[in-house]
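Working through the structure, step by step
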Number of protein chains: 2
Amino acid sequence: MSNTNPARGMRDFLPSDVRKRNYVIGIIKKVYESYGFEPLETPSVENLDTLTGKYGEEGNQLMFKILKRGEKLQQELSEGKITNENELSDLALRYDLTVPLARVVANYKNDLPKFFKRYQIQPVWRADRPARGRYREFYQCDVDAIGSGSMIVEAELISAVCEILQKLGFKDFTIRINHRDILGGIMEMAKIPKEKRPQTLVIIDKLDKIGLNGIGKELLASDLEEESVRAITHQIENQMSLSNSETNNYEYNLQILSETSSPAEEFADSESIKSYWSAKKDLRQIVEYTKNTAARNHIKIDESLARGLSYYTGAIFEINVSDLAGSLSGGGRYDGLIGMFGKEQVPAVGFSLGLERILLIMDERKMFPDDLTANSADVMVTVWNEETIGESLKLANELRQQNLRVLVYPEADKLGKQFKYADSLNIPFVCILGENELAENKIAIKNLKTGEQENVERDKLSREHFLS
Amino acid sequence: MSNTNPARGMRDFLPSDVRKRNYVIGIIKKVYESYGFEPLETPSVENLDTLTGKYGEEGNQLMFKILKRGEKLQQELSEGKITNENELSDLALRYDLTVPLARVVANYKNDLPKFFKRYQIQPVWRADRPARGRYREFYQCDVDAIGSGSMIVEAELISAVCEILQKLGFKDFTIRINHRDILGGIMEMAKIPKEKRPQTLVIIDKLDKIGLNGIGKELLASDLEEESVRAITHQIENQMSLSNSETNNYEYNLQILSETSSPAEEFADSESIKSYWSAKKDLRQIVEYTKNTAARNHIKIDESLARGLSYYTGAIFEINVSDLAGSLSGGGRYDGLIGMFGKEQVPAVGFSLGLERILLIMDERKMFPDDLTANSADVMVTVWNEETIGESLKLANELRQQNLRVLVYPEADKLGKQFKYADSLNIPFVCILGENELAENKIAIKNLKTGEQENVERDKLSREHFLS
């Protein structure tokens, strides 16, 4: 017998899974739309050219590429002409939702508003080694605001994402905020040469995984001066002690960002240090703008937050909860990326919510509403005998007009067997429409939980009879 | 500059497109759920083995296959060891939703209810030549009821699909119904040998495209006896004259199906003829069971309806509207297919709604509600100056609590420019929060359509102020 499992690293979603996913996605959509974000969908498959070179070497390795079609391919193959896999493929599965967004912004420039706010909730594919919570097909929930450099955009995004988490029932999350130019200033003060800063950020970003010691070692190994490494690890250590105290509150965040100690003489003319102070001002604005939003008591300014991706240019964010290693969500400003398919730079800020991780934690914490996964129908209409089938179907339709979800048992089985089936599906009520009921124009309604049964006049039947 | 179009035959859906698609999908889901159908989702990518050999030669050609990954592939290629494309691929994109359903039914047998009713609305991929209304990535909306041979299932499915079309605003559709065993009986009476019947059905299915003459020619060319061809075309001609009259009404359908003329002596022992009469009884039941449903005045029994797919075993359906060549939807009973991955046969009936075609016609006929595509927000909050940004964001949040979709203009531009932007997005109202309004704890609300402006006490602000 053939293998009936889904492909490696991919998942089937049975009805109760789909309901949970749709519940979460529904809340995400509703909140984003209340902020004026609009839905965008792009094809699963992109031209290979569109994706190539956008994700680095790892991305190239993990991309699912699609085989060329047609006789020519077969002929070239059989003649041994093809010796490189790049000649075999012209299309690939979408690797993220950001590159397609950049393509769309370039392609429909004249059809999109100047400040384009879009959300996109679709699967992406990566041929990664599957592990707990890591799949080869998984959903990304991206939200991006294109076209403005104002911190209003950061504030609105942070506030929207926090509102989503609260509406899902999360209370204990922290949104850590930093700015690439703060990191730049810190590295400048630690006298790390400009060309070594990107790799330094990648190492700092591993703090969660390898700890402070690990970072120190890797920084040394990366050929930085001992003095620089000491300065950086000292800075991180400071942040860590702050992180352990109660620092996600409004006044405290403002206080950190208002420190006005002037830089040492030697940095007086440094561009990096000017940007550092300007970044502090940006973050102060974000904190102030979110004062009256869902984000207020969740923000923690964390100057050690690095974020691995190289394309961020401004504020960066990451959302964590205590019982998850890794983040629930992350994002930041990336003013260079969206313009990659066009002629001009386009400012942009984005957030990506980790749907699979949110679902994982909500499952573990039992955060889903009970009625979500309870059953597939509010009531099941039984079938008395072959002759009354039409009447049962008619009754089912009347009940559906009352906005009830109605199952009809599909065969004229014994009534006891039909009850048992409804009960096995956790359906709370069954309707019985026998010859007596038909003659009297009544319906018998049986509550399968209590065993109680009542006869109701057919034309008085309403939704209320089926509320358990 | 690089190509920013989506891949050939694929489409980007901008916000107004997504809203239309979600509107239709929302109605489809709601109706299916009211019938107790449950949502299922399967991965876009399946093992190649799962799909191979299920769709015939054409399907094999049109499948998007995914290139194997890793160094081994590259090495084998560079050594010229791979001479056949089948060695290059281990995965493929889903070609339809039926084979994945069959796989799921076999894989989760013990987790699924005995009568499994599922709907699935997901994209499928076919490397077909793109044309008007034909894409390489398109959605299928499938609904299937697994596990019962009763005509209750057919009746419920037909009724659900008709209810969906009515809720979408279609009034003039016809659902043609036939039965594979009626076609079998007709072919038996026309003395067509059993082995030639499948190809005969494929030819009959072309009626819409090549007309009666074309069918006659193709049947002769397919090596049938002249007498058989005459008998079949005569039968189709009869049906065509019926089709041109008003035949989609309840009594008329029953009358056709109740004809009790007994078959000629020579067929007295024929299994095909016994099945023919039994099929007529099946269809009579379907007509009777749907008497009190949305389907009632849309059904037309049409004994020339063939449906191209070879896997149907019982009743078959097709839904047509006058301004579309081809069908909006089709389906039927296929008792052999679902069991293909398991040990036992599993009875099943299914329908597939053509989402892309429904959208096409609804667009042409302007059937979408106006407010669906009107705008992305109910109101835009303007920004008075840099200092009042926090207040504008606070107001936006208050308005969102009133269930309004609220855009915040992201920069402290001139007010006139902000109004113009809101108007360009068709947003009916803007809120102004200047120094005077802040001092008086009021909001100015401007209706951009009428130009009227009113001042409202901040704490009396409600949803009602923004209904145009």
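One can find the structure itself at the top, above this paragraph.
What this report covers is the structure whose coordinates are included nearby.

Rules used throughout
Residues numbered from 1 in each chain as written. Chains lettered and ligands numbered in written order. Predicted model: local features only at pLDDT ≥ 70, side-chain atom pairs only at ≥ 80, totals over all residues. Heavy atoms only, no water. Least-squares fit on C-alpha atoms with pLDDT ≥ 70 in both. Contact = heavy atoms within 4.5 Å. 1 Å grid on protein atoms, 1.4 Å probe; cavity = no way out; pocket = protein on both sides within 12 Å on 5 of 7 lines; lining within 4 Å. Points joined across faces, edges and corners; volume = space filled by probe spheres on them. Helix = DSSP H or I, 4+ residues; strand = E, 2+ residues; numbered from the N terminus. Nonpolar A, V, L, I, M, F, W, Y, C, P; charged D, E, K, R; others polar. Salt bridge = Lys/Arg side-chain N within 4 Å of Asp/Glu carboxyl O.

1. Let's talk about the relation of the copies chain B and chain A
- Its rotation angle being 180°, the transformation that places chain B on chain A also includes 0.0 Å of axial translation and leaves an RMSD of 0.0 Å. Such a combination of rotation and displacement between the chain copies is what one expects of a two-fold axis. Residues of chain B ranked by C-alpha distance from the rotation axis are headed by I66 of chain B, positioned 2.2 Å from it.
- Both copies present the same face, since 100% of the interface residues in chain B are matched by interface residues at the equivalent positions in chain A.

2. Description of empty space enclosed by the protein
- Under the counting rule described, the total for this entry stands at nine cavities of 30 Å³ or more.
- Its boundaries defined by the atoms lining it, the largest cavity holds a volume of some 190 Å³.
- L407, V408 and P410 of chain A together with F115 and K117 of chain B are the residues nearest the centre of the largest cavity, which is lined by 21 residues in total.
- Going through the elements one at a time, β13 (406-408) of chain A together with β5 (116-125), β6 (137-146) and α6 (151-168) of chain B are the ones with two or more residues in the lining of the largest cavity.
- Of all the elements, α6 of chain B adds the most residues to the lining of the largest cavity, at three residues.
- Here the lining of the largest cavity is built from residues that sort into 15 nonpolar, three polar and three charged.
- Put simply, the second largest cavity is a space of about 100 Å³.
- If you trace the second largest cavity, you find it lined by F37, F115, K117, A145, I146, G147, S148, I152, V153 and E156 of chain A together with V408 and P410 of chain B.
- Contributions of two or more residues to the lining of the second largest cavity are made by β6 (137-146) and α6 (151-168) of chain A.

3. Details of the environment of G147 of chain A
- Note that G147 of chain A resides in the loop between β6 and α6.
- Along the primary structure G147 of chain A and T450 of chain A are separated by 303 residues, whereas in three dimensions their C-alpha atoms are 60 Å apart.
- Leave out the neighbours within four places in its chain, and G147 of chain A touches K114, F115, V346 and P347 of chain A together with E411 of chain B.

4. With respect to the pattern of salt bridges
- Per the counting criterion, the structure on display carries 56 salt bridges over all chains.
- Connected via shared salt-bridge partners are R176, D302, R307 and E318 of chain A.

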